[in-house]
Amino acid sequence: MTTKEYIDEAEQHLLHTYNRYQIVLEKGDGVYLYDTDGKKYLDFAAGIAVFAFGYNNQEYNDALKGQIDKLIHTSNLYYNVPSVSAAKKLAEISGMDRVFFTNSGTEAIEGAIKTARKYAYNKDGRTDHEIIAMKHSFHGRSMGALSVTGNVKYQEPFKPLIGGVQFAEYNKLESVKALVNEKTCAIIMEPVQGEGGIYPAADEFIKGVRKICDENDILLIFDEIQCGMGRTGKMFAHQHYGVKPDVMTVAKAVGGGFPVGAFLTNEKAAVLVPGDHGTTYGGNPLATAAVSKVIDMFETGNILENVNEVGAYLEKKLDEITEKYDFVKEHRGKGLMQGIELGIPVGEVIVKAMDKGLITISAGSNVLRLVPPLVITKENVDEMIEKLTQVFDEY
Ligand SMILES: *Cc1c(COP(=O)(O)O)cnc(C)c1O
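A few points on the structure. (Residues numbered from 1 in each chain as written. Predicted model: local features only at pLDDT ≥ 70, side-chain atom pairs only at ≥ 80, totals over all residues. Heavy atoms only, no water.)

## Topic: the layout of surface pockets
- Within this model, the second largest pocket holds a volume of roughly 860 Å³.
- In terms of lining, the second largest pocket is formed by 27 residues, of which the most central are Asn76, Arg98, Val99, Phe100 and Phe101.
- For the lining of the second largest pocket, the elements supplying multiple residues, two or more each, are helix H4 (81-94), strand E4 (98-102) and strand E12 (261-265).
- Take the lining of the second largest pocket: its biggest share by element is five residues, from H4.
- Class assignment for the residues of the lining of the second largest pocket results in 14 nonpolar, 10 polar and three charged. (1 Å grid on protein atoms, 1.4 Å probe; cavity = no way out; pocket = protein on both sides within 12 Å on 5 of 7 lines; lining within 4 Å. Points joined across faces, edges and corners; volume = space filled by probe spheres on them. Helix = DSSP H or I, 4+ residues; strand = E, 2+ residues; numbered from the N terminus. Nonpolar A, V, L, I, M, F, W, Y, C, P; charged D, E, K, R; others polar.)

See below:
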């Protein structure tokens, strides 16, 4: 089939919930993707901050293949070997105590919300607890996660959402304080906002939120789904600030491409008990074999060192670009999670870059988001800058 035929068929059968770019990706190798016409793309999106090790990584693939031949799925009614080792490793790298595996990010958020409500319920037996979330946040598309996502456009047609959610201004501590009351059971935030436009938390803000939670016995939930797993140069973004959450969500890169997520709690927030929560697939042997391998590969591949080194180089290059072009307002981010705020249409820039063989994504309405595989090199950064410069020169 030709590319056009694939696309026509896709549009006949897939629910049209995405305005997809007009390419059909077929295979990947390292930090490059290939479409069905054989065209090669340098990938600075990594399947939306998922493919940390690049494509067709033999060590990762072999680990999954090995597990496929042993046991793909069983049920959470029994223990299985990969989930035990994955949970232990995840707890070790995060400093959290308990892990519940899910199939996606949004589902991890659901678990975090239920944890918060149960925690407060255990204290006072009431069922009218409130959650404070942030404007311009993104936590997922299921009803609970959507309810704490600070984006009216995503929410409106699906109301009524879950009740008792209040939205504060990100990086404005006073706006959080103003919403705290005796019903508040949790504050949920991304340490670096992703979809909302790549906004890292200010140091005083994240520390201030932790303090509010401590003083009022409120659970602090960090959504590390995008900014976690080494993306910002630490294993988890909150580790830059020296504050710890009570509940943390992960997904995206945690499975290195395999669909899996998790919510983690400290001992205090480990309040869900048999009957409270469950999942058929979550933590199945194949998914957790992927998680376990991913965590090992961070260690053996010196991934964090690479993110810090190449991330610093990328920031330097982005400084130059910001200096050079008037329509580049600023760049923000940490490590290999960077956003460039543009005064020209981002959607158009992405398509033009794609024509030149570079894959990028947007964040918010005017930010070009760069979230490449964590194994990229400085040469890859140079190649990306060269292509992006060609695009920018057209403006
Ligand atoms: C992607 C994302 C989610 C949702 O994860 P899904 O796996 O798409 O459900 C939640 N929070 C953040 C910060 C994300 O980036």
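## Things to note about the pairing of strand E17 (residues 367-370)
- Burial along E17 is two-sided: the face carrying Val367 and Arg369 and the face carrying Leu368 and Leu370 are both buried.
- Across four bridges, the pairing between strand E14 (residues 337-342) and E17 is antiparallel. Note that in E17 the partner of glutamate 341 across the bridge is valine 367.
- Here strand E16 (residues 361-363) pairs with E17 via three bridges, running antiparallel. For serine 362, the partnering residue across the bridge sits in E17 and is leucine 368.
- Adjacent in sequence and paired antiparallel, E16 and E17 are bridged by three residues, among which glycine 364 carries a positive phi angle near 65°. (Buried < 20%, exposed > 50% of the residue type's maximum accessible area, 1.4 Å probe, protein only. Pairing = 2+ DSSP bridges.)

## Quick notes on the site of the ligand
- Neighbouring the ligand are Ser104, Gly105, Thr106, Phe138, His139, Gly140, Glu190, Asp223, Ile225, Gln226 and Lys252.
- For the ligand, a nitrogen atom lies 2.7 Å from a polar atom in the side chain of aspartate 223.
- Within the side chain of lysine 252, a nitrogen or oxygen atom sits 2.6 Å from an oxygen atom of the ligand.
- Taking 380 Å² as the accessible area of the ligand by itself, protein coverage stands at 82%. (Near = heavy atom within 4 Å. Polar contact = N/O pair within 3.5 Å; in protein donor to acceptor, adjacent residues only side chain to side chain. Areas by Shrake-Rupley, 256 points an atom, 1.4 Å probe, with all protein chains shown as cover.)

## Overview of the nonpolar core
- Counting 75 residues, the largest nonpolar core has Met229, Leu342, Met384 and Phe392 as the members making the most contacts within it.
- The element that contributes the greatest number of residues to this core is helix H10 (residues 285-300), accounting for eight residues.
- In contact with methionine 384, not counting residues within four places along its chain, are Leu42, Phe44, Leu314, Leu358 and Leu370. (Core = buried A, V, L, I, M, F, W, Y, C linked by side-chain atoms within 4.5 Å. Contact = heavy atoms within 4.5 Å.)

## Brief notes about helix H3 (residues 58-70)
- Spanning 13 residues, H3 covers 18 Å between terminal C-alpha atoms, matching the ideal 18 Å at 1.5 Å per step.
- Residues of H3 that are buried include every one of Tyr60, Leu64 and Gln67, and no others. Viewed end-on, H3 has its buried residues packed into an arc of 65°, placing them on one side of the element.
- Buried-residue contacts for H3 involve H4 and H10.
- One side-chain oxygen at the N-terminal end of H3 lies 3.1 Å from the backbone nitrogen of glutamate 59; it belongs to asparagine 57. (Expected span 1.5 Å × (residues − 1). Arc of directions from axis to C-beta.)

## A few points about the pairing of E14
- The buried fraction of E14 is high, at six of six residues.
- The alternating pattern of E14 places Met337, Gly339 and Glu341 on one face and Gln338, Ile340 and Leu342 on the opposite face, and all of these are buried.
- One ladder, built from six bridges, connects strand E13 (residues 328-334) with E14; its direction is antiparallel. What sits directly across from arginine 332, in E14, is glycine 339.
- If you look at the hairpin formed by E13 and E14, you'll find two residues sitting between the two strands, and glycine 335 has a positive phi there, around 55°.

So, to be careful, I would describe these as geometric facts and stop short of saying anything about function.
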